[in-house]
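Structural description and commentary
Here's the letter readout for the chains.
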Amino acid sequence: MRETSRKPFLFKRRDLLKSAMVLPGALMSASFANQQKRSKVTQANQPDRSLVRRENERPGTREWQLTRVRINQGKFRTSLIEGYCSHQSISAGQTLNIFVSTDPGRQFTLDIYRMGYYGGTGARLMTTIGPLEGSKQNVPEMTPAPARLRQCQWVPSIELNIPSDWLSGVYLGKLTTIPNARSDPYWQSYVVFIVRDERPADILFQCSDNTWQAYNCWPVNESLYTHPDGAHAPDVAVSFDRPYGMYPQVFDSALSVGSGEFLLWEYPLCYWLEQHGYDVTYGSNSDTIDTPFITRCGTYLSVGHDEYWDIRQYRAAEAAIEDGVNVLWLCGNSVFIVSPFSPNSGGQEKRIITRAGTYGAIREDELASYSKMFAGLTSKGPDERNIIGARSVVPFNGGGDWTCTKPKHWVFEGTGMKQGEHIPGLVGWEHHGEPDLERMGLEVLAEGSIWTDGKREGSYAATIFPGPKNNFVFNAATIFWSQGLSTPPGHILPWTHWSRPHGPDVRVQQITHNLLRRQ
């Protein structure tokens, strides 16, 4: 973590004496006045690294969790109350439109929470809006193949000007219907958005919201994986102008309705970082196409399942590494699909992503073993190992133990880990493997086997390599890394491919502290 140095304005004693002989009193008073003035200016230019700590000292609540959720349309959708936001991320002072549909028509309320630690409650209530009148809004028709795009054009239900005192973070809006009678139940779902800023901070937490949308099956079964030509067919598109349905893989989680994949893969890290008072700011995939958004911070985090990247993101991450930023890939299957942003039908930028191809080439043996899945998919971007140290490999999902291979490396300081010691179930459900062993200084910190469906063996490799300015790039090689850090309220541990992580582990926590505190 980089920190701007501050040198106090100091006088040499002999200079003061010399000045006093020329203009006693007056010059000395002016000098000390200037000293005080400069000190105040310097302090004003210092980043305030206590913002997150002080925010989390405010009272929190567990009421952010959904209580009543009913999937009533297919496997993933609730039409009883659902919504989406006009922006993936937004700055204080800007206006966020929130689009809500209720079927049947009902009044509803919106409670907005900032997610964090807050004494273990997990969130703070920021505002309550409503009651508001809700009505049914139309499901858009699907465009023809290959795009097969569903893009809502709903009427805004709420216009929210983001207050200046809302700290950067991930915000959940809890939508709740108001029953017409005492005998009627209420129903709930979420909307999700990120408040971003431009302040220098120690850590940038990038949410993997491109991948949230890629897997989103709203309304019936229309994700980037449901094309009749195959799960990885090229030129399929998805829009951010639609609600998030329930997460379609690994487990059924009511809290995923409307919240993408944040609560599943990313929230345990957010909760843990804010618990320990780290100076962290937040952004979306759409923000990190710009290099300065990354380089204002000392460490850049890619979290959970970060599969879908615009080429501009790749170039920005590459430039950030060259600029001296530490990059931590606390994730798996990341930077796999080239997915350029495009505008929506109203001309708003970065509201559609399209699967164009892969980063790096898929090997012949991989194509042979997954011929139908990868049909038509070709390389359209540089090798992701250049910025990660390893790549997505076939078989690309499964479960396994995270096994230490270099216990004397500084990453393992304070963990007590020994050669061959493993952290059970930490690798999954997707991972990185095949490290770039030709890269100067790259070291393999952990490696071992995974098994797809408990039968087909594959391999993963966690790596680290040095950057050009005494910085480093760490690759945890697993989507499950955050599961080893905390278990916030409402969190469910995943279980897939007959394997599961065990939850918070002091070794995972210490390794992460070591990485974040390394300057």
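Residues numbered from 1 in each chain as written. Predicted model: local features only at pLDDT ≥ 70, side-chain atom pairs only at ≥ 80, totals over all residues. Heavy atoms only, no water.

1. Let's talk about the overall build of the chain
Scanning the chain for helices and strands turns up 10 helices and 24 strands. In terms of overall size, the chain behaves like a compact globule, its C-alpha atoms giving a radius of gyration of 25 Å where 519 residues would be expected to give roughly 24 Å. Taken along the three principal axes of its C-alpha coordinates, the chain extends 90 × 60 × 40 Å. Counting every position in the chain, which comprises 519 residues, the buried fraction comes to 59%. Considering only intrachain contacts with a sequence separation of at least 6, the fraction spanning at least 24 residues in the chain is 74%. Total accessible area on the chain is roughly 21000 Å²; 49% of this is exposed by carbon and sulfur atoms. For the chain, the distance from the average position of its 52 positive side-chain charges to the average position of its 53 negative side-chain charges is 7 Å. (Helix = DSSP H or I, 4+ residues; strand = E, 2+ residues; numbered from the N terminus. Rg over C-alpha atoms; globule rule 2.2 N^0.38 Å. Buried < 20%, exposed > 50% of the residue type's maximum accessible area, 1.4 Å probe, protein only. Contact = heavy atoms within 4.5 Å. Areas by Shrake-Rupley, 256 points an atom, 1.4 Å probe, with all protein chains shown as cover. Lys, Arg positive; Asp, Glu negative; His and termini not counted. Charge placed at Lys NZ, Arg CZ, Asp CG, Glu CD.)

2. Thoughts on the packing of aromatic side chains
Two numbers describe a pair of aromatic rings. These are the distance of the centres and the angle of the planes. By the definition in use, this model includes 28 aromatic pairs. Centre to centre, the rings of F205 and Y282 are 5.1 Å apart; their planes meet at 40°, and the pair counts as tilted. Here the residue F205 occupies a position in strand β9 (residues 201–206), and Y282 occupies one in strand β11 (residues 280–283), the gap between them amounting to 77 residues. When sorted by exposure, F205 lands in the same class as Y282, which is buried. Taking the centre distance of 5.3 Å and the plane angle of 65° together, the rings of W402 and W481 count as edge-to-face. Placement of the pair is W402 in strand β20 (residues 400–403) and W481 in the loop between β24 (472–475) and α10 (506–517), with a sequence separation of 79 residues. (Phe/Tyr/Trp six-rings, centres within 6.5 Å; stacked < 30°, edge-to-face > 60°.)

3. Some remarks on the pattern of salt bridges
What the rule picks out here adds up to 26 salt bridges. Note that R150 is salt-bridged to E222, the shortest N-O span being 3.3 Å. Here R150, found in the loop between β5 (123–133) and β6 (158–161), pairs with E222, found in the loop between α4 (209–215) and β10 (237–239); they are 72 residues apart in sequence, far enough to count as distant. By the burial criterion, R150 is buried, and E222 matches it. The closest approach of N and O atoms between R363 and E434, which form a salt bridge, is 2.1 Å. (Salt bridge = Lys/Arg side-chain N within 4 Å of Asp/Glu carboxyl O.)

4. Some thoughts on the nonpolar core
Formed by 78 residues in total, the largest nonpolar core has its most connected members in W64, F205, L273, L301 and W402. Looking at this core, the element that brings in the most residues is helix α5 (residues 262–275), giving eight residues. Residues contacting L273, with those up to four places away along its chain left out, are I203, F205, Y278, V280, L301 and L516. (Core = buried A, V, L, I, M, F, W, Y, C linked by side-chain atoms within 4.5 Å.)

5. Quick notes on the pairing of strand β23 (residues 456–466)
Two faces, one strand: in a regular strand the side chains alternate between the faces of the sheet. For strand β22 (residues 443–452) and β23, the ladder comprises nine bridges, and the chain directions are antiparallel. When the bridges of β23 are listed, S449 appears paired with S459. With antiparallel pairing between neighbouring strands as the criterion, β22 and β23 make up a hairpin whose turn holds three residues, including D453 at a positive phi of roughly 55°. In terms of strand pairing, β23 meets β24 through four bridges, oriented antiparallel. Looking at the pairing, F465 lines up with V473 of β24. The hairpin formed by β23 and β24 contains five residues between the paired strands, and N470 there has a positive phi angle of roughly 60°. (Pairing = 2+ DSSP bridges.)

6. What to know about the environment of S168
Here S168 lies in the loop between β6 and β7 (169–178). Exposure remark for S168: the relative accessible area of 2% places this residue in the buried category. Considering only alpha carbons, one finds S168 and D48, 120 residues apart in sequence, at a separation of 13 Å. For S168, the side chain forms a polar contact with the side chain of T281, separated by 3.2 Å. One polar contact links the side chain of S168 to the main-chain amide nitrogen of Y282, over a distance of 2.9 Å. (Polar contact = N/O pair within 3.5 Å; in protein donor to acceptor, adjacent residues only side chain to side chain.)

7. What to know about the sheet that holds β11
Strand order in the open sheet formed by seven strands is β11-β9-β12-β14-β24-β23-β22, with mixed pairing between adjacent strands. The open sheet has two edge strands, β11 and β22, and neither has a second partner. On average, adjacent strands in this sheet sit at an angle of 20° to one another, irrespective of strand direction. Sheet strands touched by α5: β9, β11, β12 (297–305) and β14 (326–332). Its angle to β12, the strand with the most contacts, is close to 145°. (Axes fitted to C-alpha atoms, helices over the stretch in contact; angles between N-to-C directions.)

8. Details of helix α7 (residues 311–322)
Because an α-helix completes one turn every 3.6 residues, residues spaced three or four positions apart along the sequence face the same direction. The terminal C-alpha atoms of α7, which comprises 12 residues, lie 17 Å apart, in line with the 16 Å expected from a rise of 1.5 Å per residue. A positive phi of about 105° marks G324, the residue just after α7. (Expected span 1.5 Å × (residues − 1).)

9. Observations concerning the side chain of N475
With respect to the helices, strands and loops of the structure, N475 is situated in strand β24. Given a relative accessible area of 0%, N475 falls into the buried group. Of note is the side chain of N475, whose polar atom sits 2.8 Å from the side chain of H432. Of the polar contacts made by the side chain of N475, one reaches the backbone nitrogen of A477; its length is 2.9 Å.

10. So, the state of the cysteines
Tallied over the entire structure, the rule returns zero disulfides. Between C152, a free cysteine, and C85, which holds the nearest cysteine sulfur, the sulfur-to-sulfur gap is 13 Å. With no disulfide of its own, C217 lies 15 Å from the sulfur of C152, the closest cysteine sulfur. (Disulfide = S-S within 2.5 Å.)

11. Let's talk about the sheet that holds strand β15 (residues 337–338)
Taking strand neighbours across the sheet as the criterion, the four strands line up as β13-β15-β18-β19 in an open arrangement whose pairing is mixed. Across the chains shown, the open sheet's two edge strands, defined by having one partner strand only, are β13 (308–309) and β19 (379–381). Note that β13 and β15 share two bridges and pair parallel. Bridge pairing links Y308 to I337 in β15.

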